[in-house]
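Residues per chain are reported as follows:
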Amino acid sequence: MKEKFTIFILITICFLLSAIAVKAVSPTPEATDSAVQEIRDKVKEIVREKIEDTQKGQKAGFFGEISKITDSLLTLQTNQGDKQLNVATDAAIIKSGKKATLEDLETGSFAIGMGYLEDDNLLNTKRLVIGKKTELPAREVAFGQVTDISSEEEILTIKNEKKNLIYTLEINSKTVITKKVDGKITKIKFENIVKGDKLVAVGTPSENEHKIITAKIIHVIPGLSKETSPTP
Amino acid sequence: MKKEILIAIIIGFILGLVITFGIWTANKSLQENTQTQTTEVNESQPIVETSPTEEGQISLIISSPENNTIVNQAKVEISGQTVAQATVIILFEEGEEVFQADEKGEFSQEINLVGGANEIKITAFDAEGNETNKTLNLVYSSVEI
């Protein structure tokens, strides 16, 4: 009995000693490889951020005209399709600079919703601003090759072959004419434009039989001048 | 008696080794799992919006800022990529910018925003007159939500 007990004790002691010894000798990742710990921390941080993002959603803003109001859910008609705003109970609603409530909202009003995306088209709205839409000034962008130049009137005629459109560009003292020279955008004069130049113009349109644009900016595309031979 | 002690020591030592090997294997597999997760996370990060090109259109990618972003500064840098040396036009509420992309097709241009809604129209033309249009909606607000 005594012998068996001694053997049992010895087995246990040996087991513990060898286990402790081997564990002490074997390199632990934490002790020997700080890079592994760094990766673990990074993964933890990324996972935490992802969880937070999923819970809260991404911050975003939608704007457009209110087309439908159903309780706290608004439908906005935007330039990128219909978007829905779920107006939170604690949301700040501002109408014409003053605090307002959901009851003050009307269809047809222009609204800006700010909050957190629940999905691509649904915003958990925390701030809703009702106001007037600032209209983009009417501007036309034209690309074409110069086919005619009227130096006296300072008028250019350009043709866009792809769209088969002819534009008439009226130049005035405010028109800025540029060209990329030696890698830099440089101002040039009207006289520097020659037939065959390809250019892009931005200006105010006035529809006619041809498209007439009062040019604000003309940018001559470098190295593309190709004098067009007159058609016989 | 001596024989029994010797056997006990050997058995204890072998058992210890087996347990330690088990611990070491478990640690190793945990470490590999962590590395795999990191790779997966890194692989899922770069989400690049690609713009399909139709006939007569050129590629135009707006890399920054993202559409529908809330910006808290009046000045914002629009950056993206199109074809090399393309002419890029940005129309925004307070003006317009016309410039050229670099040899790689990359561009970056600072513009001014107005308070509230900003509808920004970006057009790119290549030398042949092929064009692509994109609209970027940004909200400029300094109020914390």
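Residues numbered from 1 in each chain as written. Chains lettered and ligands numbered in written order. Predicted model: local features only at pLDDT ≥ 70, side-chain atom pairs only at ≥ 80, totals over all residues.

Here we come to the overall build of chain B. Regarding its fold elements, chain B presents one helix and eight strands. Listed by position from the N terminus, the elements making up chain B come as α-β-β-β-β-β-β-β-β. Looking at the 145 residues of chain B, the share that counts as buried comes to 28%. Across chain B, the fraction of contacts at a sequence separation of at least 24, relative to all contacts at a separation of at least 6, is 50%. (Helix = DSSP H or I, 4+ residues; strand = E, 2+ residues; numbered from the N terminus. Buried ≥ 20, exposed ≤ 12 C-beta atoms within 10 Å, placed from the backbone. Contact = placed C-beta atoms within 7 Å.)

Attention now goes to the overall build of chain A. Of the regular secondary structure elements, chain A holds three helices and 13 strands. With 232 residues in all, chain A has 24% of them scored as buried. Long-range contacts, defined as pairs at least 24 residues apart, comprise 52% of the intrachain contacts of chain A with a sequence gap of at least 6.

On to unusual backbone geometry. Backbone torsion omega between S64(B) and P65(B) reads -10 degrees, so that peptide bond is classified as cis. By the element assignment, P65(B) lies in the loop between strand 1 (61-64) and strand 2 (69-71). Within the chain, S96(A) stands out as a residue other than glycine whose phi angle is a positive 50 degrees. In this structure S96(A) comes out as exposed when scored by C-beta crowding, with 11 C-beta atoms within 10 Å.

A few words on the sheet that holds strand 1 of chain B. Residues and elements named next belong to chain B. Pairing is antiparallel in the open sheet, where three strands are placed in the order 1-3-6. Each edge of the open sheet is held by one strand with a lone partner, namely strand 1 and strand 6 (106-112). For this sheet, the mean inter-axis angle between neighbouring strands, taken without regard to orientation, is 30 degrees. Sheet analysis places strand 3 (residues 75-81) next to strand 6, joined by seven bridges and oriented antiparallel. Note on strand 6: the bridge partner recorded for K75 is N112. (Pairing = 2+ DSSP bridges. Axes fitted to C-alpha atoms, helices over the stretch in contact; angles between N-to-C directions.)

Attention now goes to the nonpolar core. In this structure, L169(A), V200(A), A201(A) and I90(B) are the most contacted members of the largest nonpolar core, which totals 59 residues. L169(A) has contacts with I155(A), L156(A), I158(A), A201(A), I213(A), A215(A) and I218(A), leaving out every residue within four places of it along the chain. (Core = buried A, V, L, I, M, F, W, Y, C linked by C-beta atoms within 7 Å.)

All names here are of chain A. Examined bridge by bridge, strand 3 (residues 81-95) and strand 6 (residues 122-131) share eight bridges and lie parallel to one another. For L85, the partnering residue across the bridge sits in strand 6 and is L123. Summarising the sheet, strand 5 (residues 110-119) and strand 6 pair through nine bridges and their orientation is antiparallel. Its bridge partner being in strand 6, D119 is matched across the sheet by L122.

Looking at chain direction, strand 1 of chain B and strand 3 of chain B are connected through three bridges and run antiparallel. Note that in strand 3 of chain B the partner of I61(B) across the bridge is Q81(B).

Moving on, we get to the sheet that holds strand 7 (residues 116-125) of chain B. Strand pairing within a sheet occurs via backbone hydrogen bonds; the two strands may be parallel or antiparallel. Residue and element names in this part refer to chain B. An order of 2-8-7-4-5 is seen for the five strands of this open sheet, with the pairing classed as mixed. The open sheet has two edge strands with one neighbour each: strand 2 and strand 5 (95-100). The sheet shows a mean angle of 25 degrees between the axes of neighbouring strands, taken without regard to direction. In this sheet, strand 8 (residues 131-140) lies alongside strand 2 in parallel orientation, the contact comprising three bridges. Bridge pairing links I70 to V139 in strand 8.

With that out of the way, let us pick up the environment of E110(B). Residues and elements named next belong to chain B. Looking at where E110 falls in the secondary structure, it is placed in strand 6. For E110, a count of 11 C-beta atoms within 10 Å corresponds to the exposed category. Not counting the four nearest positions on each side in its chain, E110 is found in contact with K75 and E77.

This next bit is on the environment of N164(A). Of note, N164(A) is situated in the loop between strand 8 (155-160) and strand 9 (165-170). Judged by local crowding, N164(A) falls into the exposed class, with 7 C-beta atoms found within 10 Å.

Here we come to the confidence of the model for chain B. Mean pLDDT over chain B: 82, with 79% of residues reaching 70 or higher. For residues 36-52 of chain B, every residue scores under 50 in pLDDT, and the model assigns this stretch eleven contacts once sequence neighbours within four places are set aside. (pLDDT = per-residue confidence, 0-100.)

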